[in-house]
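Summary of the model geometry
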Protein chains: 2
Amino acid sequence: MLARTPPAPYYAVIFTSVRADGDEDAYMATARKMFEMAHAQDGFLGVEYAPGITISYWRDEASILAWKRVSEHMEAQRMGREAWYAAFNLRVARVERDYMFERT
Amino acid sequence: MLARTPPAPYYAVIFTSVRADGDEDAYMATARKMFEMAHAQDGFLGVEYAPGITISYWRDEASILAWKRVSEHMEAQRMGREAWYAAFNLRVARVERDYMFERT
C-alpha cells in the first residue's frame, strides 16, 4: 500500500477522479493493465492508491512524459475523458522532502 | 471531493497511511477536527481525501509550516505516531502544472 521511494527529489503525479456511472468491467480491466504497464516503465518509483485517488511516483519529468505517450496509455486516457470520468484533476508535483514512519 | 486549486505553482502535502487497529471514535473525531482547522488556516487551498490518503493543498511552504506548528495539530500528530498509524508517508511537493477535466 505505501510506496517506498528513494530520497527526494523525485516527482509525483497526483490523479484524483470522480467516476461516471457504468462500464465497470472495462474500466477495472484497463486500470489493472495500466498499473502493470506503469510498473514496467523506466523511471517508475511506486504508486499509492485509494478509491478516487492514484499517486504515482517517478524519477523525473522525462519518465512521466514517456509514460504519458505510451500508446495503450494514450488510449486509456482517451477512454477516461470520453466515458469513465465525470471529472478529474491531474497534478504533476516535485517532491521536495518526505518522511516515512513505521511502528517498530 | 475534487479540490479547485488556483493556477500552479502551489504546494501539496501528500499523506498516505496505514491505520493501527482500534480507537476509531477518537481517531475520526480528531480527523474531522483537523479538517475543520486546516480549512481555516491562512494559505489553505483545498483537500482531496480517500481512505488512507489525504492530499492538502497550500499556497506556499510557510503556510504548511504554520499549520504543522498549530498546537492541536501537533497533539494530533503525536497521537498519530503513538497510537493511530501502523505506518505513514508524508511528502511535501511543489505542484508545477495541473489539468482539470469536467464533463460538459
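See the structure shown above.
Before going into details, it helps to say that this report is about the structure given with it. Computed from a predicted structure; not experimentally measured.

Cut-off values and rules
- Residues numbered from 1 in each chain as written.
- Chains lettered and ligands numbered in written order.
- Predicted model: local features only at pLDDT ≥ 70, side-chain atom pairs only at ≥ 80, totals over all residues.
- Heavy atoms only, no water.
- Pairing = 2+ DSSP bridges.
- Helix = DSSP H or I, 4+ residues; strand = E, 2+ residues; numbered from the N terminus.
- Axes fitted to C-alpha atoms, helices over the stretch in contact; angles between N-to-C directions.
- Contact = heavy atoms within 4.5 Å.
- Salt bridge = Lys/Arg side-chain N within 4 Å of Asp/Glu carboxyl O.
- Buried < 20%, exposed > 50% of the residue type's maximum accessible area, 1.4 Å probe, protein only.
- Buried area = accessible area lost by both parts, 1.4 Å probe.
- Polar contact = N/O pair within 3.5 Å; in protein donor to acceptor, adjacent residues only side chain to side chain.
- Phe/Tyr/Trp six-rings, centres within 6.5 Å; stacked < 30°, edge-to-face > 60°.
- Least-squares fit on C-alpha atoms with pLDDT ≥ 70 in both.
- Core = buried A, V, L, I, M, F, W, Y, C linked by side-chain atoms within 4.5 Å.
- Left-handed = near helix turned anticlockwise from the far one by under 90°.
- Nonpolar A, V, L, I, M, F, W, Y, C, P; charged D, E, K, R; others polar.

**With respect to the sheet that holds strand β2 (residues 44–50) of chain B**
In space, the eight strands of this open sheet follow the order β2(A)-β3(A)-β1(A)-β4(A)-β4(B)-β1(B)-β3(B)-β2(B), with antiparallel pairing throughout. Looking at which strands have only one partner, the edges of the open sheet turn out to be β2 (44–50) of chain A together with β2 of chain B. With strand direction ignored, the average angle separating the axes of adjacent strands in the sheet is 25°. Note that strand β1 (residues 10–19) of chain B and strand β4 (residues 85–102) of chain B share ten bridges and pair antiparallel. Bridged to Ser-17 of chain B within β4 of chain B is Phe-88 of chain B. Helix α1 (residues 24–39) of chain A rests against β1 (10–19), β2, β3 (53–58) and β4 (85–102) of chain A of the sheet, and its axis sits at about 150° to β2 of chain A. The strands touched by helix α2 (residues 61–68) of chain A within the sheet are β1, β3 and β4 of chain A together with β4 of chain B, with β4 of chain B carrying the most contacts at an inclination of about 65°.

**Side note on the pattern of salt bridges**
A side chain with one charge can pair with a side chain of the opposite charge if their charged atoms come near. Under the defined criterion, the tally for this structure stands at 20 salt bridges over all chains. Between Glu-61 of chain B and Arg-97 of chain A there is a salt bridge, and its shortest N-O distance comes to 2.5 Å. Taken together, the residues Glu-61 of chain B in helix α2 (residues 61–68) and Arg-97 of chain A in strand β4 connect one chain to another. With relative accessibility at 33%, the residue Arg-97 of chain A sits in the partly exposed group.

**A closer look at the interface of chain A and chain B**
Often, the extent of an interface is quoted as the loss of accessible area on bringing the components together. In this assembly, 47 residues from chain A lie in contact with 47 residues from chain B. For the pair chain A and chain B, the summed buried surface comes to about 3600 Å²; carbon and sulfur atoms form 55% of the total. If you look at where chain A meets chain B, you find 35 residue pairs in polar contact (both at pLDDT 80 or more). When residues of the side of chain A that touches chain B are traced back to their parent elements, those giving at least two are β1, β2, β3, α2, α3 (71–84) and β4 of chain A.

**Things to note about the packing of aromatic side chains**
Evaluation of the coordinates by the stated rule reveals 22 aromatic pairs over all chains. Relative to Phe-88 of chain B, the ring of Phe-101 of chain A has its centre 5.0 Å away and its plane inclined at 20°; by these criteria the two rings are stacked. Residue Phe-101 of chain A is found in strand β4, and its partner Phe-88 of chain B is found in strand β4; the two belong to separate chains. The interplanar angle of 75° and the centroid separation of 5.7 Å between the aromatic rings of Tyr-85 of chain B and Phe-88 of chain B together place this pair among those described as edge-to-face.

**Concerning the relation of the copies chain A and chain B**
For the pair chain A and chain B, the relating rotation is 180°, the translation along its axis is 0.0 Å, and the fit reaches an RMSD of 0.0 Å. The two molecules are tied by a two-fold rotation axis, judged by turn and shift.

**Some details on the side chain of Thr-16 of chain B**
Among the secondary structure elements, Thr-16 of chain B is positioned in strand β1. A relative accessible area of 0% places Thr-16 of chain B in the buried class. Engagement of the side chain of Thr-16 of chain B in a polar contact is seen with the side chain of Glu-48 of chain A, the distance being 3.0 Å. Residues within four places of Thr-16 of chain B in sequence aside, it is in contact with Leu-2, Glu-48 and Ile-55 of chain A together with Gly-52, Ile-53, Ala-87, Phe-88, Asn-89 and Arg-91 of chain B.

**Some words on the nonpolar core**
The biggest cluster of nonpolar side chains holds 20 residues, and the ones touching the most others in it are Ile-14 and Ile-55 of chain A together with Ile-14 and Ile-55 of chain B. The set of elements that each furnish at least two residues to this core consists of β1, β3 and β4 of chain A together with β1, β3 (53–58) and β4 of chain B. Apart from the residues lying within four places of it in its own chain, the contact partners of Ile-55 of chain A are Ala-12, Val-13, Ile-14, Gly-46, Val-47 and Glu-48 of chain A together with Ile-14, Thr-16, Ile-53 and Ile-55 of chain B.

**Digging into the packing of α1 of chain A against α3 of chain A**
Residues and elements named next belong to chain A. Across the interface, α1 lies against α3 with an axial gap of 11 Å and an inter-helix angle of 150°. Crossing angle aside, the handedness with which α1 passes α3 is left-handed. Taking contact as the criterion, the partners of Ala-26, Tyr-27, Thr-30, Lys-33, Met-34 and Met-37 in α1 are, on α3, Glu-72, His-73, Ala-76 and Trp-84. Of the residues contributing to the contact of α1 with α3, the split by class is six nonpolar, two polar and two charged.

**Thoughts on unusual backbone geometry**
Residue and element names in this part refer to chain A. With an omega dihedral of 5°, the bond running from Ala-8 to Pro-9 counts as a cis peptide bond. Its place among the elements puts Pro-9 in the segment before β1. In this model, Asp-23 sits at a positive phi of 60°, which is unusual for a non-glycine residue. Turning to its location among the elements, Asp-23 is positioned in the loop between β1 and α1.

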